[in-house]
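Spelled out, the chains give:
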Amino acid sequence: MDPAATIAGLVAVLNTSQLIIHLSLRQMQRNRARRLRHRRESLKSESGTELSETTSPSAQDMTLAMGHVDFVERRFWARETSTEWWDRIVLQVWDESQWLRNFRMRKGTFLELCELLSPALKRKDTRMRAALTVQKRVAIALWKLATPDSYRSVANHFGVGKSTVGVVVMQVAKAIVKVLLPKVVTLGNAQVIIDGFAAMGFPNCGGAIDGTHIPILGPDHQASQYINRKGYFSMVLQALVDHRGRFTNIYVGWPGKVHDARVFRNSGLFRRLQEGIYFPDHKITLGDVEMPTVILGDPAYPLMPWLMKPYTGALDTEKELFNYRLSKCRMVVECAFGRLKGRWRSLLTRCDLSETNIPIVIAACCVLHNL
């Protein structure tokens, strides 16, 4: 290449570089001037006095003007929210009927629940902010489970962040399952249950069993397995209830496509009933037949020595009477599912949690149903 052309190219590059540097410096000067003007206006609004152009600059302003430090406006890491509704209205003004309608339990039951869950839910304050109280955590979870409100709506009610609602709901649900499930969802006094079903017309009955579908969003993995016979994504909840509609055993987590009989055969309840260790050894004699303690199911379940289901096909008078009494006693489980979903209405809408978290929330609702 010609040396003259090379020198000319270098000169052009240098001129371009100087022009870029000059424009950059001018832009930096404009930015500094804008920040200084913004700072003067802020000081003017805070102090309430007017600052004239002749006021001597502070050391910080001089440092800024000399270009040693760039002024950065402070930004807060969390937005300010209001907890007035929870602190002053709910806790101090609401009566028992309002608590029952909105939180699905009376205030006394709510406080007892908070006391039971306090060891698992209590958090320490940090230097950044105070931790949510146990009462507020439980209230957020109950409100979300009892209503079809969105996370944003619940967050605005309680003055917390939207993501906080999701975290708190799972924390409370896990605490309920860990602390209360073994104590609340139990068989209890079997003789009282047997006497209750006997009064309804079926002797030596220890419970009624059935399954229900909880709507969920289509999962990413094996979504077709969760489409039930009605055409929507769901997860199966199997429950055994007593004569009052109280859950004595639950089993949740199977995809909606799975038949109720298959869910039942894979449950721990089936194994314990098969081994004869779930109910006490309490047999009665009807005619010349020795009858063990049985449970009642619909035609989808297998007929077992300890599981009674209705007759099918042509029925005579005795079989019709048997079906009537069995159906009358078995309806308690249908009513229990209705009350469960009517009380905790989040189970009526499609749950947007993960496949591992959905069973925890459903189990927590079953525990709360027994309360």
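Now for a quick tour of the structure.

Thresholds, definitions, all that
- Residue positions within a chain follow its written sequence, with the count starting from 1.
- Confidence filtering applies because this is a predicted model: local features only for residues at pLDDT of at least 70, side-chain atom pairs given and counted only at 80 or more, and all residues used for totals across whole chains, interfaces and linings.
- Only heavy atoms go into the side-chain values, all of them from the structure, while hydrogens and water stay out.
- The secondary structure listing takes helices from DSSP runs of H or I that are at least 4 residues long and strands from runs of E that are at least 2 residues long, numbered from the N terminus.
- Contacts are assigned to residue pairs with any non-hydrogen atoms lying within 4.5 Å of each other.
- Per-residue and other accessible areas were derived by the Shrake-Rupley procedure at a 1.4 Å probe size, with only the shown protein chains allowed to occlude residues.
- Burial classification: accessible surface area is computed with a 1.4 Å probe over protein chains only, and a residue below 20% of its type maximum counts as buried, one above 50% as exposed, and the rest as partly exposed.
- Two N or O atoms form a polar contact when they lie within 3.5 Å of each other; inside protein one atom must be a possible hydrogen donor and the other a possible acceptor, and for residues adjacent in sequence the pair counts only when both atoms belong to side chains.
- Only buried Ala, Val, Leu, Ile, Met, Phe, Trp, Tyr and Cys residues count toward a nonpolar core, and they belong to the same one when joined by side-chain atoms within 4.5 Å.
- The domain boundaries here were taken from an automatic or database domain assignment.
- Salt bridges are defined as contacts in which a side-chain nitrogen from Lys or Arg sits within 4 Å of a carboxyl oxygen from Asp or Glu.
- Here the axes come from fitting lines to C-alpha atoms, over the contacting stretch only for helices, and the angles between their N-to-C directions go from 0 to 180 degrees.
- Should an angle lie under 35 degrees it is considered roughly parallel, over 145 roughly antiparallel, and from 65 to 115 roughly perpendicular; all remaining angles are considered oblique.
- Three classes are used: nonpolar for Ala, Val, Leu, Ile, Met, Phe, Trp, Tyr, Cys and Pro, charged for Asp, Glu, Lys and Arg, and polar for all others, with Gly counted as polar.
- By definition, disulfides here are pairs of cysteine sulfur atoms that lie within 2.5 Å.
- Each Phe, Tyr or Trp ring, with Trp reduced to its six-membered ring, pairs with another whose centre is within 6.5 Å; inter-plane angles below 30 degrees give stacked pairs, above 60 give edge-to-face pairs, and intermediate values give tilted ones.
- The rule for pairing is simple: two strands pair if DSSP sees at least two bridges between them.

What follows covers the overall build of the chain. Secondary structure assignment for the chain yields 14 helices and 7 strands. Residue pairs in contact within the chain that sit at least 24 positions apart in sequence constitute 63% of those at least 6 positions apart. Approximately 22,100 Å² of the chain is accessible, and the part contributed by carbon and sulfur atoms is 54%.

What follows concerns the side chain of threonine 293. Within the fold, threonine 293 resides in the loop between β5 (289-291) and β6 (294-296). Using a relative accessible area of 7% as the deciding quantity, one classes threonine 293 as buried. Among residues more than four places away in sequence, those in contact with threonine 293 are Ile194, Asn204, Cys205, Gly206, Phe279, Pro280, His282 and Trp306.

So, about the side chain of threonine 147. Among the secondary structure elements, threonine 147 is positioned in the loop between α6 (134-146) and α7 (151-158). For threonine 147, a relative accessible area of 13% corresponds to the buried category. A polar contact of 2.6 Å, which involves the side chain of threonine 147, links it to the backbone oxygen of tryptophan 143.

Here we come to the nonpolar core. In this structure, Phe103, Phe247 and Phe264 are the most contacted members of the largest nonpolar core, which totals 88 residues. Inspection of this core shows a minimum of three residues originating in each of domain 2 (83-183) and domain 3 (185-370). Here phenylalanine 247 is in contact with Val184, Val185, Thr186, Ala239, Leu240, Val241, Ala336, Phe337, Leu340, Cys366, His369 and Asn370, once residues within four sequence places are set aside.

A separate point is the pattern of salt bridges. Opposite charge on two side chains makes pairing possible when the charged atoms of those side chains draw close. Per the counting criterion, the structure on display carries 4 salt bridges. Between arginine 244 and aspartate 242 there is a salt bridge, with its nearest N and O atoms 3.9 Å apart. The exposure class assigned to aspartate 242 is buried, which follows from its relative accessible area of 2%. For the salt bridge of glutamate 334 with arginine 330, the shortest nitrogen-to-oxygen distance reads 3.4 Å.

This part covers the packing of α6 against helix α8 (residues 162-179). Running from N to C, α6 and α8 cross one another at 95°; their axes reach a closest spacing of 8 Å. Comparing the axis directions of α6 and α8 gives the class roughly perpendicular. In this structure, α6 uses Arg137, Val138, Ile140, Ala141 and Lys144 to contact α8, whose residues at the interface are Val165, Val168, Val169, Gln171 and Val172. Here the residues of the contact of α6 with α8 sort into 7 nonpolar, 1 polar and 2 charged.

We now examine the state of the cysteines. The full count for this structure, using the stated rule, is 0 disulfides. With no disulfide partner, cysteine 205 has as its closest neighbouring cysteine sulfur the one in cysteine 329, 6.1 Å distant. The exposure class assigned to cysteine 205 is buried, which follows from its relative accessible area of 0%. Take cysteine 365: it sits in no disulfide, and the sulfur closest to it among the cysteines is that of cysteine 366, at 7.0 Å.

Turning our attention to the environment of glycine 256. Within the secondary structure, glycine 256 is located in the loop between β3 (247-255) and α11 (260-265). Note on glycine 256: relative accessible area 4%, which makes it buried. In the structure, glycine 256 is positioned 41 residues away from proline 215 in sequence and 8.9 Å away in space, judged by C-alpha atoms. Once residues lying within four places of it in the same chain are set aside, the contact partners of glycine 256 are His213, Gln225, Tyr226, Ile227, Asn228, Ser234, Met235 and Val236.

To continue, consider the packing of aromatic side chains. To describe a pair of aromatic rings, one takes the distance between the centres and the angle between the planes. Per the stated rule, a full pass over the model turns up 18 aromatic pairs. Pairing tryptophan 143 with phenylalanine 158 gives two aromatic rings, centres 6.1 Å apart and planes at 80°, and the pair type is edge-to-face. Note that tryptophan 143 is positioned in helix α6 and phenylalanine 158 in helix α7, a separation of 15 residues in sequence. Considering the side-chain rings of phenylalanine 264 and tyrosine 301, the 5.6 Å spacing of their centres and the 80° angle between planes classify their relative orientation as edge-to-face. Of this pair, phenylalanine 264 sits in helix α11 while tyrosine 301 sits in the loop between β6 and β7 (307-308), and the two are 37 residues apart along the sequence. The residues phenylalanine 264 and tyrosine 301 share a single accessibility class, namely buried. Chaining the aromatic ring pairs together yields one cluster made of Trp86, Trp94, Trp99, Phe103, Phe110, Trp143 and Phe158.

Most of strand β2 (residues 234-241) is tucked away, with 8 of its 8 residues classed as buried. Side-chain alternation along β2 places Ser234, Val236, Gln238 and Leu240 on one buried face and Met235, Leu237, Ala239 and Val241 on a second face that is also buried. Pairing analysis gives 8 bridges linking strand β1 (residues 205-215) to β2, with the strands arranged antiparallel. By the bridge assignment, proline 215 is partnered in β2 with serine 234. Bridge count between β2 and β3: 7 bridges; the pairing is antiparallel. In the strand pairing of β3, leucine 237 is matched with valine 252. Connecting β2 to the next strand, β3, in antiparallel fashion are 5 residues, including glycine 245 with a positive phi near 85°.

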